[in-house]
Amino acid sequence: MNRGSGLRIGKILGIPIYLHSTWVFIFAAITYMIASQFKQEHPAWTDLQHWSVGVLTSLLFFASVLFHELGHSVVAQHYKIRVVSITLFLFGGLARIEREPPKAIQEFNIAIAGPLASGFLAGAFFGLTLLFPYSQSVGALATWLARINFTLAVFNLLPGFPLDGGRIFRAVVWGVTKNFDKATRVAGASGKLIAYAIIVFGAWSVFHGSVQGGLWTAFIGWFILNAAQESVAQVAVRETLTGLSAADVMSKEVPIVPGHITLEEYSAEVLRTGLRVHLVVNDDRFVGMMNVHTLNSIPREEWAHNSVQGVMIPREKILWTSPEEPLLRLLERLLSADVNQMPVVTGVSGGAPQIVGIVTRDSILRVMQTRSELGPLATSR
Ligand SMILES: [Zn+2]
């Protein structure tokens, strides 16, 4: 789900609220479910009553989900972590915060605020049912909302990532071990277990009468499974690149071509050597960088009439790295600038810059692959 996808419906506490397109389906399904339930349990009501109370209950349910997300958001804002948006979608709500909390205790408090908010609403709606008997519209509405908010609070406390309980679990492991990556892996693994259990339970329900509910349960389990795997994969990438810098993966071979040769001649050079990136020099002066990607952006019939220095990436537009730059940050820069390689330069501060190598995306990916194959060895510290 992308940032800001969906319809913006308003702003609360400075946080933009969005409705994702998938929300329409779940709203329709839940409204239908509630109305059907009221029809069964209150045959004396008119159809208009079934549907109007059903729609109102459904709307208040989504207001409850929003309240849950606002619970997380208020605590995050208290820690000066910006809440970028809240989105209501197929599986409920999602508060997107700008960065991970820097301390375990902050993650713990942000995570637990959601279930506490849902628990509070469950209590409030239960109070309403005492004031209005169940047979009345308000009583039926309040009973349904008290139950669903209670379920939301309990379900979200299951100790598996990405549920709130998984975050709470991660915060505890993080606080105890002081190791964020390890905590994420543990909470992710527990999230996978819980997801499988939910899927199995959903499948069991399908064969024991409740086809719709069972499929829906299995679907939720599948969603949790994906999210748990994603969070573990992110940690894996971070771990494989930890401790490495540009110098570790750079190619020390820095091929050079003169700027005056034609693209035709350049392509011959690429074919001959198999090297895909070159520094361009004119009279021993470094003027730019040329690569296959840039070559391919020029129509083939123009290759004979264009020189390398006419189409190369000029020196001032090249992004540089230093041998000491951590590989993880370098990879992020490569991806965000959408470039494939960066020359490695030493002595910039000393006044005598010198190109000592080139780092390419491919070389970083190769290291990641090799390291992940040796993973069990590398992590048995
Ligand atoms: Zn939550």
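Described in the following lines is the structure provided in the data block. (Residues numbered from 1 in each chain as written. Predicted model: local features only at pLDDT ≥ 70, side-chain atom pairs only at ≥ 80, totals over all residues. Heavy atoms only, no water.)

A short note on the overall build of the protein chain
Within the protein chain, the regular secondary structure consists of 14 helices and ten strands. Computed over the C-alpha atoms, the radius of gyration of the protein chain is 29 Å, more than 25% above the 21 Å expected from 2.2 N^0.38 for a compact globule of 381 residues. Viewed in the frame of its principal axes, the protein chain has a C-alpha envelope of about 95 × 50 × 45 Å. Scored against the burial criterion, the 381 residues of the protein chain give a buried share of 42%. Considering only residue pairs separated by 6 or more positions, the protein chain has 59% of its internal contacts joining residues 24 or more positions apart. (Helix = DSSP H or I, 4+ residues; strand = E, 2+ residues; numbered from the N terminus. Rg over C-alpha atoms; globule rule 2.2 N^0.38 Å. Buried < 20%, exposed > 50% of the residue type's maximum accessible area, 1.4 Å probe, protein only. Contact = heavy atoms within 4.5 Å.)

Examining a nonpolar patch on the surface
A surface patch of nonpolar side chains, amounting to about 380 Å² of accessible area, comprises Tyr 32, Trp 51, Val 55 and Leu 59. As for its position among the elements, Val 55 is in helix α2 (residues 47-78). Val 55 gets classed as partly exposed once you look at its relative accessible area, which sits at 32%. (Patch = residues over 30% accessible without salt bridge, like charges linked within 9 Å, V, L, I, M, F, W, Y side chains within 5 Å. Areas by Shrake-Rupley, 256 points an atom, 1.4 Å probe, with all protein chains shown as cover. Salt bridge = Lys/Arg side-chain N within 4 Å of Asp/Glu carboxyl O.)

What about the nonpolar core?
Among soluble globular proteins, nonpolar side chains are generally buried collectively. Judged by nonpolar contacts, the single largest core of 24 residues is most densely connected at Trp 23, Ile 30, Phe 61 and Phe 62. Per element, the largest residue contribution to this core is seven residues, and it comes from helix α4 (residues 137-156). Excluding residues within four positions of it along the chain, Phe 61 makes contact with Ile 30, Trp 144, Leu 145, Ile 148 and Leu 152. (Core = buried A, V, L, I, M, F, W, Y, C linked by side-chain atoms within 4.5 Å.)

Re the coordination of the zinc ion
Around the zinc ion, the donor atoms from the protein are His 68 (NE2), His 72 (NE2), Asp 164 (OD) and Asp 164 (OD), and they sit 2.0 to 2.6 Å away. In this structure, the zinc ion is coordinated by four donor atoms arranged in irregular fashion, with angles at the metal of 55 to 146 degrees. Spacing between the donor residues of the zinc ion along the chain follows H-x3-H-x91-D. Placement of His 72 in helix α2 and of Asp 164 in helix α5 (residues 164-177) is noted, with a sequence separation of 92 residues between them. In terms of burial, His 72 and Asp 164 fall into one category: buried. (Donors = N, O, S within 2.8 Å, 3.2 Å for Na, K, Ca; no water. Tetrahedral: all angles 85-135°; square planar, octahedral: opposite > 155°, others 65-115°.)

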